[in-house]
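Geometric and topological summary
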Amino acid sequence: ASDIGIYCRECDSTTFNNNEVYPPVSSFMSHGLWAEYSDMSEFSNNNLLGSNSHSIYFRNSFGGQVFNNVIADTNKQGETNGNNGSWAIYHWEGNSDNVTAIKNNTIYQVRNRDAGGIHARYAEIANNDIKLRASSCAAYGIHTEYSEVELNSIFIFNNSCTSNAINAGHSSLVQNNILY
């Protein structure tokens, strides 16, 4: 794999399905799947391992679906990533006419600091299993605005730092989540 596993810019209505993306032996890569400006695209059933930054990055995109992905910042050999982290799934710009569905994903991160699950705006975020560990500080499960956040399971462990399982702003609905 290269520094970015799959790169696609301005690729509206594209399907990214059943891909296994991981770095070479005993290393890590920048991003797993980068698809900026990719309105109404689908990211499904992918196995993304060993990203230093975002595993699925689709900023400046609206609509679309992200479901049934397995994301871990460990590499194929199971080695943990000692770098500072970022959001496993990052989708910030969106709109209320085309809400993005982010559902049934499994996210596992072990970082020195800044372990992050899902960062999304104008999204339905449901049934995701997020486990984060930050050995020195800062872990964030879901950060969102203008979204519905329901039925997610979020586990966070850090060493005495302030962390948020869910940070929901502006016009969000948060209900029936399990946070521990």
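First, a word on scope: everything that follows refers to the structure included in this document. Values in this document were obtained by computation on a predicted structure and should not be read as measured data.

Along any regular strand, the residues point their side chains to alternate faces of the sheet. As paired elements, strand β9 (residues 70–72) and strand β12 (residues 106–121) share three bridges and run parallel to each other. Paired with Val70 across the bridge in β12 is Thr106. Strand direction decides the pairing type here: strand β10 (residues 87–91) and β12, joined by four bridges, are parallel. The residue bridging Tyr90 from the neighbouring strand is His119, located in β12. Note that β12 and strand β14 (residues 129–145) share 13 bridges and pair parallel. Pairing of Ile107 across the sheet is with Ile130, part of β14.

This paragraph deals with the pattern of salt bridges. Under the definition given, this model contains seven salt bridges. As a salt-bridge pair, Lys76 and Glu20 come within 2.4 Å of each other at their nearest N and O atoms. In this pair, Lys76 sits in the loop between β9 and β10 while Glu20 sits in strand β3 (residues 20–21), placing the two residues 56 residues apart along the sequence. By relative accessible area, which is 41% here, Lys76 ends up partly exposed. In this structure, the salt-bridge partner of Glu124 is Lys103, at a minimum N-O distance of 3.3 Å. In this pair, Glu124 is assigned in strand β13 (residues 123–126) and Lys103 in strand β11 (residues 100–103), connecting sequence segments 21 residues apart. The partly exposed category is assigned to Glu124, whose relative accessible area is 32%.

Here the focus is the nonpolar core. Phe43, Ile56, Ile89, Ile102, Ile118 and Ile125 are the most contacted members of the largest nonpolar core, which totals 30 residues. Of all the elements in the fold, those that place two or more residues in this core are β10, β12, β13, β14 and β16 (153–158). Once residues lying within four places of it in the same chain are set aside, the contact partners of Ile125 are Ile102, Ile118, Ala120, Ile142, Thr144, Glu148, Val149, Glu150 and Asn152. Ranked by size, the runner-up nonpolar core spans five residues in total, among them Tyr57, Trp87, Tyr90 and Trp92.

The next point concerns the sheet that holds β13. The strand order β2-β5-β8-β11-β13-β15-β18 describes an open sheet built from seven strands, whose pairing is parallel. Strands at the two margins of the open sheet, each flanked by one partner only, are β2 (15–17) and β18 (173–175). Looking at each pair of strands side by side, their axes are set apart by 5° on average, direction ignored. By the bridge criterion, four bridges tie β11 to β13 in an arrangement that is parallel. Counted as the bridge partner of Thr100 is Ala123 from β13.

Looking now at the side chain of Ser30. Among the structural elements, Ser30 can be located in the loop between β3 and β4 (31–34). When sequence neighbours within four positions are dropped, the list of residues in contact with Ser30 reads Asp3, Ser51, Asn52, Ser53 and His54.

Attention now goes to the packing of aromatic side chains. Two numbers describe a pair of aromatic rings. These are the distance of the centres and the angle of the planes. Counted according to the given criterion, the structure contains eight aromatic pairs. For the ring pair Tyr7 and Trp34, a centre distance of 6.3 Å and an interplane angle of 35° mean the geometry is tilted. Of the two residues, Tyr7 sits in strand β1 (residues 4–7) while Trp34 sits in strand β4, which places them 27 residues apart along the sequence. With a centroid separation of 5.5 Å and an interplanar angle of 15°, the aromatic rings of Tyr57 and Tyr90 are classed as stacked. Of the two residues, Tyr57 is situated in strand β7 (residues 56–57) and Tyr90 in strand β10; the sequence distance between them amounts to 33 residues.

Cut-offs applied
Residues numbered from 1 in each chain as written. Predicted model: local features only at pLDDT ≥ 70, side-chain atom pairs only at ≥ 80, totals over all residues. Heavy atoms only, no water. Pairing = 2+ DSSP bridges. Helix = DSSP H or I, 4+ residues; strand = E, 2+ residues; numbered from the N terminus. Salt bridge = Lys/Arg side-chain N within 4 Å of Asp/Glu carboxyl O. Buried < 20%, exposed > 50% of the residue type's maximum accessible area, 1.4 Å probe, protein only. Core = buried A, V, L, I, M, F, W, Y, C linked by side-chain atoms within 4.5 Å. Contact = heavy atoms within 4.5 Å. Axes fitted to C-alpha atoms, helices over the stretch in contact; angles between N-to-C directions. Phe/Tyr/Trp six-rings, centres within 6.5 Å; stacked < 30°, edge-to-face > 60°.

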